[in-house]
2 protein chains.
Amino acid sequence: MARFLKNFPPGPLDYYRKRASFDWKQMKLFIDTEEITEYEHNVYRELEKYPEYNVNNLTPRSLDERRHLALKQALAYRTIELLSLQSLISDLKRPAASTRIMMQYFPDSTIKYSVTDRLFTSAIVNMGSDRHLHFVSDAEEGKATVVMPGGMRTTATYDVRNKHFILHSPDFEAAKCWTGGLGQCSTHAIVYAKLLLKGVDYGLHAFIVPVRDAKTLLPYPGLKIGDMGEKIGLNGLDNGFVQFNNYKLPRENLLNKFGDVTEDGEYVTPIKDPNKRHGAALGSLSGGRVNIACICEAMGTKAITIAVRYAAIRKQFGPDPHEEIPILEYQTHQYRLLPYLAAVYVLRIFNTFFNEAYFKFSLDNILGNNKDILPDLGVEIHAISSASKPLAGWIMKDAIQECREACGGHGYLKASNIGEIRNDHDANLTYEGENYVLIQQTSNWLLKLWILVLDKNKISTPLHSADFLTDAGHILRQKFAATTTNELCQLESIIPIYQWLVCHLLQMTHNKIESLISSGNSSFWAKNNSQVFYAKSLATVFIQHFFLKQMIEKISEADDLSVKNVLQKICLLYGLWSLDKHVGILYQGGYAHGPDASILIQESILKLCADLKDEAVSLVDAVAAPDFIVNSVLGASDGMVYKHLESAIYSSPYGLERPTWWRDVVNCNGDIKNKL
Amino acid sequence: MARFLKNFPPGPLDYYRKRASFDWKQMKLFIDTEEITEYEHNVYRELEKYPEYNVNNLTPRSLDERRHLALKQALAYRTIELLSLQSLISDLKRPAASTRIMMQYFPDSTIKYSVTDRLFTSAIVNMGSDRHLHFVSDAEEGKATVVMPGGMRTTATYDVRNKHFILHSPDFEAAKCWTGGLGQCSTHAIVYAKLLLKGVDYGLHAFIVPVRDAKTLLPYPGLKIGDMGEKIGLNGLDNGFVQFNNYKLPRENLLNKFGDVTEDGEYVTPIKDPNKRHGAALGSLSGGRVNIACICEAMGTKAITIAVRYAAIRKQFGPDPHEEIPILEYQTHQYRLLPYLAAVYVLRIFNTFFNEAYFKFSLDNILGNNKDILPDLGVEIHAISSASKPLAGWIMKDAIQECREACGGHGYLKASNIGEIRNDHDANLTYEGENYVLIQQTSNWLLKLWILVLDKNKISTPLHSADFLTDAGHILRQKFAATTTNELCQLESIIPIYQWLVCHLLQMTHNKIESLISSGNSSFWAKNNSQVFYAKSLATVFIQHFFLKQMIEKISEADDLSVKNVLQKICLLYGLWSLDKHVGILYQGGYAHGPDASILIQESILKLCADLKDEAVSLVDAVAAPDFIVNSVLGASDGMVYKHLESAIYSSPYGLERPTWWRDVVNCNGDIKNKL
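No experiment lies behind these values; they were computed from the predicted model shown.

A.B. asks: Outline the overall build of chain A, supporting the account with residue identities and numerical values.
C.D. replies: Secondary structure summary: chain A contains 26 helices and 13 strands in total. A globule of 676 residues ought to have a C-alpha radius of gyration of about 26 Å, and chain A, at 27 Å, matches this closely. Along the first, second and third principal axes, the C-alpha set of chain A runs to 90 × 80 × 55 Å. Excluding contacts between residues fewer than 6 apart, the proportion of contacts in chain A whose partners are at least 24 apart in sequence is 75%. Total accessible area on chain A is roughly 24,700 Å²; 52% of this is exposed by carbon and sulfur atoms. Side chains of chain A give 71 positive and 75 negative charges; the mean places of these two sets differ by 3 Å.

So, in structure tokens, the structure goes:
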């Protein structure tokens with residue numbers, strides 16, 4: 001047993017801890033590996049040493065104080081060896097593990113570090129050439145930030161006479177908005193602009209653009225740069241905008257790996273097979289999304305940790321008027337929380353797999369290994385991440401909100417921390433690709449595969465996410481088979497249902513688009529008008545199937561039978577609970593008839609909830625961050641909710657003091673006498 | 001045409017305003033009445049005169065500043081004649097109208113006013129007697145607040161020798177938490193405590209308890225009182241707690257309308273027919289919930305105003321690469337927003353009806369009118385409000401969140417205002433009765449009626465919300481009848497489906513409880529274990545049916561055909577979109593067979609969305625608050641999104657300035673040279 005997993009202090013959570021059928025330490029070591037558990041332990045110990053991190057994220061701070069703290073934390077981040085790229089590469093499970101820790105701890109400074117240090121370097125490496133390497137060495141001391149592609153109307157016109165580009169944004173609407181780190185701190189930015197050569201538009205290209213004087217941090221003339229202002233969350237991060245007014249830029253600052261401009265203003269490109277390049281590039285661009293799915297899981301983990309522990313402590317009237325029972329005993333409360341706890345597990349296992357796969361792909365890409373499969377793998381990573389990022393975002397959004405409500409009034413306290421989690425998580429839903437647009441990438445990929453299926457081709461992709469489509473004909477002839485909850489509550493029963501859903505929705509979406517086109521719609525509108533109820537549902541069931549597939553593979557590796565047993569229930573709960581939301585499709589498509597399917601699914605969900613309620617606290621223990629990171633009066637591992645609540649309230653400056661403006665209250669009260 | 005409805009300035013929203021099939025002013029005058037439209041106009045004009053209100057709710061403020069501002073606003077509120085009880089009573093549509101205005105403007109100070117002034121007085125009037133009237137006259141100058149029943153473990157033991165009560169809370173867990181206004185300002189509180197006389201427990205009774213010295217605002221000895229601290233939202237409101245330590249209270253301070261204690265410690269009660277009293281009391285206690293459903297609608301209205309206007313302005317790539325189209329043109333975006341716009345209309349019409357019915361009931365109750373129907377009416381108001389409050393809260397929670405996401409990255413800006421709306425709305429989900437517990441009141445009432453139905457009784461309730469149950473036998477034999485979207489898109493088609501859903505779920509829930517009891521469960525656990533998929537769904541479809549019923553009645557009064565036509569579509573969209581979430585029940589219960597029902601419902605929803613996209617901006621215009629209340633850079637009525645965005649960013653202190661701690665950034669950059 002690893003020495004870095006300590007027992008929890010005895011306390012009111014023992015009631016449930018003793019009822020769990022499995023050992024939470026065995027669970028943790030199994031799902032995360034022993035190496036990663038030790039790694040996490042070491043990171044926690046390391047963080048304790050940094051004064052920048054030994055602060056409470058709930059302390060009231062002005063926007064300026066938050067920004068300053070985030071800068072100091074981002075600078076500290078750089079110096080933590082365990083979080084360096086070298087450390088992460090040494091075990092490809094570390095990237096997800098470090099994301100889980102740091103995004104639960106201080107998400108704003110973590111993102112600030114990531115966009116100013118990590119993304120900048122990778123953009124230069126991926127898109128630049130030797131002539132840009134000096135930026136990388138400078139960047140290792142950290143002074144730049146990457147601009148995400150935003151408004152596309154900035155132009156870079158090459159001035160042949162003066163041998164430089166002229167960057168220009170026609171109006172504020174064309175300004176690059178939202179770039180993390182650009183608001184106050186960065187000296188350079190990578191800007192996507194439309195390349196214009198002798199009046200010809202060559203499309204978007206990336207440029208490295210100095211924006212502020214590194215000595216004074218004042219902006220250069222010819223551009224307007226500034227901060228977006230206060231946001232709903234992540235306020236330590238300085239999101240910024242930049243708008244160019246005929247700003248001159250040396251020719252060399254074009255990132256020229258895939259296309260360059262000669263001194264005379266001719267366009268040259270080394271790309272010979274654009275398709276091959278396309279796949280690998282798509283994969284590389286998926287990094288943000290792969291990471292965000294993990295961020296979503298991390299934030300949901302923090303919320304569910306709080307809500308489950310609180311549900312185990314908080315009591316309500318029960319059948320006996322003299323004895324209250326924990327709200328976790330109520331069916332409604334189990335149904336509200338446990339499917340999200342299951343989703344956290346499903347996502348943790350998926351993200352561990354997918355982050356590792358992505359980082360291996362990226363290394364291979366840089367090192368030139370496995371060149372044969374990289375294009376297909378890149379395309380598949382792109383398709384999977386285009387659905388896993390939105391789904392993880394949406395599930396965890398609902399999870400966090402349900403956790404907030406399930407904590408009742410006390411969940412509305414800032415000291416519960418759930419409000420902060422929600423506000424920070426919210427950004428995941430709209431950055432790095434608008435979710436509803438993004439998820440179309442997945443359905444588009446599946447629709448392309450469907451053409452191959454219709455032509456009787458065998459489908460085989462590097463991550464095997466869609467191989468089952470080969471058998472679509474057979475799958476589409478199947479029917480809902482279970483007749484008892486026991487039959488339904490088997491991992492082997494769930495997968496065929498999801499496979500049918502994917503095949504059915506693929507067929508429906510394909511036919512819908514075809515029929516819209518044949519009735520005169522352009523392919524643009526045919527696709528757009530097949531999203532709701534078709535393409536979006538398709539991408540959703542596809543990724544849910546893949547989540548379940550990864551979970552089942554992981555479960556098959558479990559040696560500890562009690563761990564295996566509870567993970568099976570978690571997998572089934574997530575699978576059936578998600579299925580219940582698609583039950584109309586089962587009937588619509590003729591997969592199910594009569595009341596049984598729907599009732600069996602619902603009864604199975606409630607049975608699994610009841611089975612898992614005694615496991616819930618230990619399940620949380622196995623994935624929860626330490627108390628100093630969870631940082632909630634409701635969610636501490638000792639379960640002493642009311643002690644923490646009382647001390648938080650009493651120790652706040654507002655707790656027991658009258659306000660400085662108390663006379664404004666008294667004066668309005670007039671000369672009321674003491675009525676006692 | 002009322003002179004108080006001004007045309008909007010010309011601008012980019014004209015594109016859609018010109019496409020609407022109806023006149024937004026006619027719509028507004030129809031749904032709100034001419035009198036209320038004028039009333040709103042007068043309130044807006046009045047608010048402009050108050051410096052306390054002429055402030056921006058988005059300006060960064062410390063918790064202390066927010067509290068101080070809210071106090072000043074709550075004091076100003078008292079002096080606004082149009083918002084006084086007298087004014088509200090003069091037209092019983094005014095309560096809902098004033099809630100809509102003030103809860104969109106400054107919800108925290110509005111609640112502060114309401115709980116310190118309004119609720120206090122009504123509690124004394126409803127529960128006290130002549131001996132408490134001096135508190136009312138004092139309260140008219142405002143110095144007290146009502147404690148909501150929270151922790152139930154505080155006791156009031158009568159000390160016969162000293163003729164006073166001794167209030168005691170055994171520990172912090174038993175402290176009364178969350179009372180609005182108690183945190184910093186109030187001098188008196190109404191406390192529910194368990195009355196103990198000579199060792200006998202007489203249950204909860206209300207006491208008026210002085211808690212702070214009105215001259216110094218310092219707390220009295222024998223109690224601990226203070227503030228709950230910072231919250232997720234509503235931070236101007238000082239929610240507080242109080243904990244008693246053998247605190248002495250005069251005998252007269254028991255609110256004794258329904259039970260009193262003699263000097264000798266004997267319990268006396270004037271109640272002869274507790275059932276009759278019970279019904280009226282239930283109705284009276286519904287006031288908070290009736291109001292909250294309206295608050296939810298108000299907050300949702302503000303969010304949808306922002307998101308729809310932004311969707312009409314914000315453009316994305318379209319079929320032609322050189323021309324972008326408004327995102328409102330996309331099917332996905334229509335589906336994301338328009339059902340919530342429909343829900344806002346449905347709730348507005350329901351709340352107008354229900355607030356008026358509630359206030360009429362309250363006046364009758366106080367004046368002694370209509371005594372015959374008041375008990376039944378009270379029970380029905382309780383049952384309806386126990387479902388309308390949770391449903392309104394949940395729908396508008398989803399609406400606000402969807403609006404936030406539909407505004408993309410810019411929705412994440414504080415200046416969009418959607419984050420504030422979400423954080424403030426969040427309280428609606430957990431105060432005044434936990435939603436999942438509350439909604440059981442509705443299903444319990446329906447289950448009692450079901451027993452009557454099974455005994456072949458005619459059901460007839462004062463508001464006619466459940467009269468159709470009389471025909472349950474007939475209703476349960478019906479099947480899904482529509483065969484085309486045109487047939488389905490009729491108001492007459494929707495109602496029978498919902499009636500079938502209510503009857504079917506009533507039967508299912510009743511049978512489920514019976515079967516759990518006959519298999520040995522106590523009635524407590526039988527009820528608890530019939531909530532998910534049964535009782536909760538039952539209460540949901542019941543209240544949705546009642547929402548639709550009220551809407552259809554209102555539509556039938558419309559003279560303007562274009563108004564009538566668009567309201568029908570709104571009603572259908574809300575009804576079918578909600579129905580789509582119950583489609584599994586239609587199949588499970590044998591009401592629908594084969595693919596048609598599900599596909600027709602979905603096709604109808606998309607058709608209605610497409611029909612309504614050109615109406616959406618004008619529909620918003622008819623319900624939107626003025627710009628100074630909406631207060632969003634994305635949602636102004638002139639549609640100048642980028643102008644407002646630009647000026648908000650440039651005018652913020654963070655816009656273009658470097659931070660005071662810029663040297664911390666520069667020093668870390670080392671001696672990098674200017675690369676340009």
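A.B. asks: Let's hear about the state of the cysteines: which residues, and what values?
C.D. replies: Inspection of the entire model under this criterion finds zero disulfides over all chains. A disulfide-free cysteine, A:Cys489 has its sulfur positioned 11 Å from the sulfur of A:Cys609, the nearest such atom. The buried category is assigned to A:Cys489, whose relative accessible area is 15%. For B:Cys294, which is in no disulfide, the shortest distance to another cysteine sulfur is to B:Cys296 and amounts to 9.1 Å.

A.B. asks: Tell me what's going on with the nonpolar core, and back it up with residues and numbers.
C.D. replies: In terms of nonpolar packing, the biggest core is built from 382 residues, with A:Leu469 and B:Leu469 touching the most fellow members. Top contributing element to this core by residue count: helix H11 (residues 331-367) of chain A, with 17 residues. Among all residues touching B:Leu469, those that are not within four sequence positions of it are B:Leu446, B:Leu449, B:Val453, B:Ile459, B:Val502, B:Cys503 and B:Leu506.

A.B. asks: Describe the relation of the copies chain B and chain A, listing the residues and the values that go with them.
C.D. replies: Superposing chain B onto chain A requires a rotation of 180° together with a translation of 0.0 Å along the rotation axis, leaving an RMSD of 0.1 Å. Look at the turn and shift together and you get a two-fold axis relating the two. Taking C-alpha positions as reference, the residue of chain B nearest the rotation axis is B:Gly584, located at 2.5 Å. Both copies present the same face, since 100% of the interface residues in chain B are matched by interface residues at the equivalent positions in chain A.

A.B. asks: Describe unusual backbone geometry, and please don't skip the residues or the numbers.
C.D. replies: All names here are of chain B. We note that Asn-246 has phi near 50°; this positive angle belongs to a residue other than glycine. For Asn-246, the position within the fold is in the loop between strand E8 (239-244) and strand E9 (247-250). Its identity is not glycine, yet Asn-631 carries a phi of approximately 50°, on the positive side. Summarising the element assignment, Asn-631 is placed in the loop between helix H24 (627-630) and helix H25 (641-651).

A.B. asks: A description of the UniProt feature "domain: Acyl-CoA oxidase C-terminal" (unreviewed entry) in chain A should follow, citing residues and the corresponding values.
C.D. replies: UniProt records the feature "domain: Acyl-CoA oxidase C-terminal" (unreviewed entry) at residues 491-666 of chain A, using the numbering of this structure. The span residues 491-666 of chain A carries 74% helix and 0% strand; its end-to-end C-alpha distance comes to 67 Å.

A.B. asks: Outline the side chain of A:Asn253, listing residues and values.
C.D. replies: Looking at where A:Asn253 falls in the secondary structure, it is placed in the loop between strand E9 (247-250) and strand E10 (260-261). Residues in contact with A:Asn253, not counting those within four places in the same chain, are A:His132, A:Phe135, A:Ala206, A:Phe207, A:Ile208 and A:Pro210.

A.B. asks: How would you sum up a nonpolar patch on the surface? Please name residues and give values.
C.D. replies: All names here are of chain A. Taken together, the side chains of Val-125, Ile-366 and Leu-367 define a hydrophobic patch exposed on the protein surface, amounting to about 300 Å² of accessible area. You can see Ile-366 is positioned in helix H11. Residue Ile-366 is classed as exposed on the basis of its relative accessible area of 57%.

A.B. asks: Tell me what's going on with the UniProt feature "binding site: FAD" (unreviewed entry) in chain A, and back it up with residues and numbers.
C.D. replies: Residues and elements named next belong to chain A. Cross-referencing UniProt, the feature "binding site: FAD" (unreviewed entry) maps to Gly-180 in the present numbering. Its location among the elements puts Gly-180 in strand E4 (residues 176-180). The class for Gly-180 is buried, based on a relative accessible area of 9%.

A.B. asks: Pulling in residues and values, what's your account of the domain arrangement of chain A?
C.D. replies: All names here are of chain A. Domain assignment breaks chain A into domain 1 (24-105 + 281-433), domain 2 (146-266) and domain 3 (437-458 + 484-614). One C-alpha centre belongs to domain 1, the other to domain 2; they are set 32 Å apart. Taken together, the contact between domain 1 and domain 2 spans ten residues of the former and 14 residues of the latter. Summing the contributions of domain 1 and of domain 2, the shared interface buries around 950 Å²; its carbon and sulfur component is 56%.

A.B. asks: Got a sec to walk through the sheet that holds strand E7 (residues 223-227) of chain A? Specific residues and values, please.
C.D. replies: Residues and elements named next belong to chain A. Overall, antiparallel pairing links the three strands, which are arranged E4-E8-E7 in an open sheet. Each edge of the sheet is formed by a strand with only one pairing partner; in this case those strands are E4 and E7. Pairs of neighbouring strands in the sheet enclose a mean axial angle of 25°, with direction left out of account. Note: E4 against strand E8 (residues 239-244), three bridges, orientation antiparallel.

A.B. asks: I'd like a description of the environment of B:Ala96, backed by residues and values.
C.D. replies: Residues and elements named next belong to chain B. Here Ala-96 is to be found in helix H6 (residues 94-105). Taking the C-alpha atoms as reference, Ala-96 lies 37 Å from Lys-224; in sequence the two are 128 residues apart. Sequence-distant contacts of Ala-96, defined by excluding residues within four places in its chain, comprise Cys-294, Asn-351 and Asn-355.

A.B. asks: Pulling in residues and values, what's your account of the side chain of A:Thr155?
C.D. replies: Relative to the helices and strands, A:Thr155 is located in strand E2 (residues 155-159). When near neighbours in sequence (up to four residues on either side) are disregarded, A:Thr155 contacts A:Ile166, A:Leu167, A:His168, A:Ala193, A:Lys194 and A:Leu196.

A.B. asks: Explain the sheet that holds strand E4 (residues 176-180) of chain B to me, and be specific about the residues and the numbers.
C.D. replies: Residue and element names in this part refer to chain B. On the basis of which strands lie adjacent, the open sheet formed by three strands has the order E4-E8-E7 and antiparallel pairing. The open sheet is flanked by E4 and strand E7 (223-227), the only strands paired with a single partner. Between one strand and the next, the sheet's axes are offset by a mean angle of 25°, whatever the strand orientation.

A.B. asks: A description of the pattern of salt bridges should follow, citing residues and the corresponding values.
C.D. replies: Scanning the model with the defined rule gives 62 salt bridges over all chains in all. A:Arg336 is paired through a salt bridge with B:Glu434; the nearest N and O atoms lie 3.0 Å apart. On the criterion of chain membership, the pair formed by A:Arg336 in helix H11 and B:Glu434 in the loop between helix H13 (418-425) and helix H14 (435-454) is interchain, its members lying in two chains. When its relative accessible area of 4% is taken as the criterion, A:Arg336 is described as buried.

A.B. asks: Lay out the packing of helix H10 (residues 287-313) of chain A against H11(A) with the relevant residues and their values.
C.D. replies: Residue and element names in this part refer to chain A. Here H10 crosses H11 at 150°, and the two axes come no closer than 9 Å. As the angle between them shows, H10 and H11 are arranged roughly antiparallel. H11 is crossed by H10, and the crossing has left-handed handedness. Of the residues in H11, those in contact with Gly-287, Val-290, Asn-291, Ala-293, Cys-294, Glu-297, Gly-300, Thr-301, Ile-304, Ala-307, Val-308 and Ala-311 of H10 are His-333, Leu-337, Tyr-340, Leu-341, Val-344, Leu-347, Arg-348, Asn-351, Phe-354, Asn-355 and Tyr-358.

Calculation rules
Residues numbered from 1 in each chain as written. Chains lettered and ligands numbered in written order. Predicted model: local features only at pLDDT ≥ 70, side-chain atom pairs only at ≥ 80, totals over all residues. Heavy atoms only, no water. Helix = DSSP H or I, 4+ residues; strand = E, 2+ residues; numbered from the N terminus. Rg over C-alpha atoms; globule rule 2.2 N^0.38 Å. Contact = heavy atoms within 4.5 Å. Areas by Shrake-Rupley, 256 points an atom, 1.4 Å probe, with all protein chains shown as cover. Lys, Arg positive; Asp, Glu negative; His and termini not counted. Charge placed at Lys NZ, Arg CZ, Asp CG, Glu CD. Disulfide = S-S within 2.5 Å. Buried < 20%, exposed > 50% of the residue type's maximum accessible area, 1.4 Å probe, protein only. Core = buried A, V, L, I, M, F, W, Y, C linked by side-chain atoms within 4.5 Å. Least-squares fit on C-alpha atoms with pLDDT ≥ 70 in both. UniProt positions renumbered as here; feature names shortened; annotations may be inferred. Patch = residues over 30% accessible without salt bridge, like charges linked within 9 Å, V, L, I, M, F, W, Y side chains within 5 Å. Salt bridge = Lys/Arg side-chain N within 4 Å of Asp/Glu carboxyl O. Domains from an automatic or database assignment. Buried area = accessible area lost by both parts, 1.4 Å probe. Pairing = 2+ DSSP bridges. Axes fitted to C-alpha atoms, helices over the stretch in contact; angles between N-to-C directions. Parallel < 35°, antiparallel > 145°, perpendicular 65-115°, else oblique. Left-handed = near helix turned anticlockwise from the far one by under 90°.

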